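# Reading the structure
Residues per chain are reported as follows:
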Protein chains: 2
Amino acid sequence: MKLSEIGEFGFINRFSEKFSSLNRNEECGIGDDCAIMPLDDQHDQIVTTDLLIEDIHFLRSEITPFDLGYKALAVNLSDIAAMGGKPTASFLSIALPGDTDVEYMDQVMEGYHNLSEKYQVPLLGGDTTKSPDKIVINVCVTGRVKKGTAKLRSAATNDDFICVTGPLGDSGAGLKILLEKINPDSSSRKLISWHNRPEPAINEGLWLGNKTGVNAMMDISDGIASDLLHILSKSGKGATVYVESIPLSTALKETADHNGWNALELALTGGEDYRLLLTISSRSFKKLEKEYNKEFQIPISCVGRITEKNPGQIIWMKENQPYSLDRGGFNHFRE
Amino acid sequence: MKLSEIGEFGFINRFSEKFSSLNRNEECGIGDDCAIMPLDDQHDQIVTTDLLIEDIHFLRSEITPFDLGYKALAVNLSDIAAMGGKPTASFLSIALPGDTDVEYMDQVMEGYHNLSEKYQVPLLGGDTTKSPDKIVINVCVTGRVKKGTAKLRSAATNDDFICVTGPLGDSGAGLKILLEKINPDSSSRKLISWHNRPEPAINEGLWLGNKTGVNAMMDISDGIASDLLHILSKSGKGATVYVESIPLSTALKETADHNGWNALELALTGGEDYRLLLTISSRSFKKLEKEYNKEFQIPISCVGRITEKNPGQIIWMKENQPYSLDRGGFNHFRE
């Protein structure tokens, strides 16, 4: 049997139970955006790691080395944000072909440093080695939350409002523009920019992490259609999503119109948004929505509700009619 | 300029200073086997990460998947041992071609689990993704030491005894047997086995980490001729090494004799020994040597002395005559 037949999660399921017997009390391992380990009396430590491989996660011709360095850290900081945490340190492993230009790598490190400085995250270690051909970058980030307050995928409750912290689909559309080699105009340049240099929602995550009305939280990396299923399966709940409420950027709408693309499908299934996906208890939503808008001057968008029925399933609705989605979630081993 | 011209350490030097301004108090970043971060009132956390790439660090045809999984974790545990620490958790990132057999990966995880269980190190997270062709494995391990007691490369003092915890060169010879496709006999099978499934010196490191007479410590991953230089440059000291004191295994001596190889050169410059290299204060050495032998039933081998003169240099001696080494240290970007 080939890995492509069982996919990423099929593979993880094969070994995760066996390993879980080694976990200690208060430790939470595989299955959320970050692992949780006890730190001191008042804090837990959270840890995440992400691997980027040339020609799978990025094309060297389509991303500047500065953005590559920035993004390699950003996707990890996004996982820290997803738990409501504050990043404390990063660790960078990098494998490079021997003929890589030093100036290219200086720019990669410049981008990495730029984001490290923005959120004051020290780079405390790593590994540097040769690669036969592709650039390989693994980043591991540690963070901190108040003890017992990390926001989990498993915490959604009945009637929760399902929310996102920004427009969806920009990154997926940016990638489509790059892959289809479309001449970019000012709108599509914004989409490419979000794809290549996403901004992790660290401040938003920290703010939301401190609110008791926020139940489940995660970041959107494979598209909401795929990622929301993780919250549902961990929480044992269902969801109804009202697709007309999915926030779409002007840049996405213009570019989709111009190229005859379905903006909504890109928003639901495009990967690498790095917005936060969260559920807010129904009695806290109104107050929290108002406070959030005041704090960040952008709306938090409610796109649906958590339901007791249809556990593990998303019911898609468009203007009160059932809506059916073209594409499913992303499988890392499928062609 | 190409990376191969400046090498691994040249590259690291280009950015490490710039990043160090982000480090907080009590944090120790790039430049030792592990980073050090404050954990709680009584402990520091130590963190290490290592990246293994197919065809650079291993050949799929020459290592069983079980050993590959075992080794990927072992090389990281060795860094924890080198600081005198106890491993607390691991994080595994793995990239695989889609046509990899599930059974192959099950065996990789079996080897990883075997070593995890031996030292009770939970696997708390990671990342799984597709690779265009090569298998890529990054492991990050956290560990713990009593506050302020992590053993550093910078702590060697004048007249310290330079010691190693086991025979050197076995792994380098094992690799040579594999690369030169020599038919293995029982001796060379032992060498291949140490190359493919090295045992991290966790118990030895923990024991030595608790002794105040132990000054500098690190693990030997690039060969003592290269690694000792790190202790010397960090400590601002020189060293005299008596090559006749370098411990050589019977298996290495027999295999070298049989194939006309220089066993000593393999021991000094062969990589991936994963023995500990440490310096012990001259007044503690005798007592510590005795206690160590009692604890582990194998000798700790004194191979030289730290000197005030010749900072940054190793003076090699053989039976009271200067000895000159054929090969230098390992450069990760050179062909």
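Residues numbered from 1 in each chain as written. Chains lettered and ligands numbered in written order. Predicted model: local features only at pLDDT ≥ 70, side-chain atom pairs only at ≥ 80, totals over all residues.

What follows covers the overall build of chain A. Across its full length, chain A carries 10 helices and 12 strands. A compact globule built from 335 residues should have a C-alpha radius of gyration of about 20 Å, and chain A, at 20 Å, falls within 12% of that. C-alpha extents for chain A along the principal axes are approximately 55 × 55 × 50 Å. Across the 335 residues that make up chain A, the buried fraction comes to 54%. Restricting to contacts in chain A with at least 6 residues of sequence separation, those with at least 24 account for 83%. (Helix = DSSP H or I, 4+ residues; strand = E, 2+ residues; numbered from the N terminus. Rg over C-alpha atoms; globule rule 2.2 N^0.38 Å. Buried ≥ 20, exposed ≤ 12 C-beta atoms within 10 Å, placed from the backbone. Contact = placed C-beta atoms within 7 Å.)

This part takes up the environment of Leu208(A). Looking at the element boundaries, Leu208(A) is found in helix 6 (residues 202–209). Taking the C-alpha atoms as reference points, Leu208(A) and Ala81(A), 127 residues apart in sequence, are found 9.2 Å from one another.

Further remarks concern the interface of chain A and chain B. Interfaces are often described in size by the accessible area the parts lose on coming together. Contacts between the two partners involve 67 residues from chain A, matched on the other side by 67 residues from chain B. For the side of chain A that touches chain B, the elements supplying multiple residues, two or more each, are helix 1 (3–20), strand 1 (35–38), strand 2 (43–53), strand 3 (86–96), helix 3 (102–118), strand 4 (123–130) and strand 5 (136–146) of chain A. The dominant element in the side of chain A that touches chain B, judged by the number of residues it contributes, is helix 1 of chain A, at 10 residues.

Okay, the relation of the copies chain A and chain B next. The transform that puts chain A on chain B rotates by 180° and translates by 0.0 Å along the axis, for an RMSD of 0.0 Å. Such a combination of rotation and displacement between the chain copies is what one expects of a two-fold axis. Within chain A, Asp40(A) has its C-alpha nearest the rotation axis, a separation of 2.4 Å. (Least-squares fit on C-alpha atoms with pLDDT ≥ 70 in both.)

Here Gln297(B), not a glycine, exhibits a phi torsion of approximately 55°, which is positive. Gln297(B) gets classed as exposed once you count the C-beta atoms within 10 Å, which come to 7.

Turning next to the confidence of the model for chain A. For chain A, per-residue confidence averages 93 on the pLDDT scale, and 97% of positions sit at 70 or higher. In the model output, the complex is listed with pTM 0.93 alongside ipTM 0.91. (pLDDT = per-residue confidence, 0-100.)

Next up on the list: the nonpolar core. Ile46(A), Leu276(A), Leu278(A), Ile46(B), Leu276(B) and Leu278(B) are the most contacted members of the largest nonpolar core, which totals 196 residues. What Leu276(A) contacts, discounting residues up to four positions off in sequence, is Ala81(A), Ala82(A), Val164(A), Thr165(A), Ala201(A), Glu204(A), Gly205(A), Leu208(A), Met217(A) and Asp219(A). (Core = buried A, V, L, I, M, F, W, Y, C linked by C-beta atoms within 7 Å.)

Looking now at the sheet that holds strand 8 (residues 238–242) of chain A. Residues and elements named next belong to chain A. Ordered in space as 7-9-6-10-8-11-12, the 7 strands form an open sheet in which the pairing is mixed. At either margin of the open sheet sits one strand with a lone partner, and together these are strand 7 (214–219) and strand 12 (321–322). Pairing of strand 6 (residues 161–164) with strand 10 (residues 301–307), which is carried by 4 bridges, proceeds in the antiparallel orientation. Opposite Phe161, over in strand 10, you have Arg305 as the bridge partner. On the sheet, helix 2 (residues 65–82) packs against strand 7 and strand 9 (276–280) and is oriented at approximately 170° with respect to strand 7. Along the sheet, helix 6 makes contact with strand 7 and strand 9, crossing strand 9 at roughly 15°. (Pairing = 2+ DSSP bridges. Axes fitted to C-alpha atoms, helices over the stretch in contact; angles between N-to-C directions.)

Turning to the sheet that holds strand 6 (residues 161–164) of chain B, a few remarks are in order. Residue and element names in this part refer to chain B. Strand order in this open sheet of 7 strands is 7-9-6-10-8-11-12, and the pairing throughout is mixed. Each having just a single partner strand, strand 7 (214–219) and strand 12 (321–322) make up the two edges of the open sheet. Of the strand pairs in this sheet, strand 8 (residues 238–242) and strand 11 (residues 314–318) are connected by 4 bridges, and their pairing is parallel. By the bridge assignment, Thr240 is partnered in strand 11 with Ile315. Across the sheet, helix 2 (residues 65–82) is in contact with strand 7 and strand 9 (276–280); its angle to strand 7 comes to roughly 170°. Contacts between helix 6 (residues 202–209) and the sheet are confined to strand 7 and strand 9, with strand 9 contributing the most and set at about 15° to the helix.

This next bit is on the domain arrangement of chain A. All names here are of chain A. Segmentation of chain A into domains returns domain 1 (3–146) and domain 2 (153–322). One C-alpha centre belongs to domain 1, the other to domain 2; they are set 22 Å apart. Counting only elements with at least two residues in the side of domain 1 that touches domain 2, the list comes to helix 2 and strand 3. Of the residues forming the side of domain 1 that touches domain 2, the biggest block, 10 residues, is contributed by helix 2. A breakdown of the residues in the side of domain 1 that touches domain 2 according to their chemical character gives 11 nonpolar, 3 polar and 7 charged. (Domains from an automatic or database assignment. Nonpolar A, V, L, I, M, F, W, Y, C, P; charged D, E, K, R; others polar.)

Moving on: the packing of helix 2 of chain B against helix 6 of chain B. Residues and elements named next belong to chain B. Relative orientation of the contacting elements helix 2 and helix 6 amounts to 15°, with a least axis distance of 8 Å. Taken together, the axis directions place helix 2 and helix 6 in an arrangement best described as roughly parallel. In this structure, helix 2 crosses over helix 6, and the sense of that crossing is left-handed. In this structure, helix 2 contributes Leu77, Ala81 and Ala82 to the contact, and helix 6 contributes Ile202, Glu204 and Gly205. Grouping the constituent residues of the contact of helix 2 with helix 6 by class yields 4 nonpolar, 1 polar and 1 charged. (Parallel < 35°, antiparallel > 145°, perpendicular 65-115°, else oblique. Left-handed = near helix turned anticlockwise from the far one by under 90°.)

Another aspect to go through is the pairing of strand 10 (residues 301–307) of chain B. Sheet topology places strand 8 of chain B next to strand 10 of chain B; 4 bridges connect them, and they run antiparallel. Within the sheet, the bridge partner assigned to Thr240(B) lies in strand 10 of chain B and is Arg305(B).

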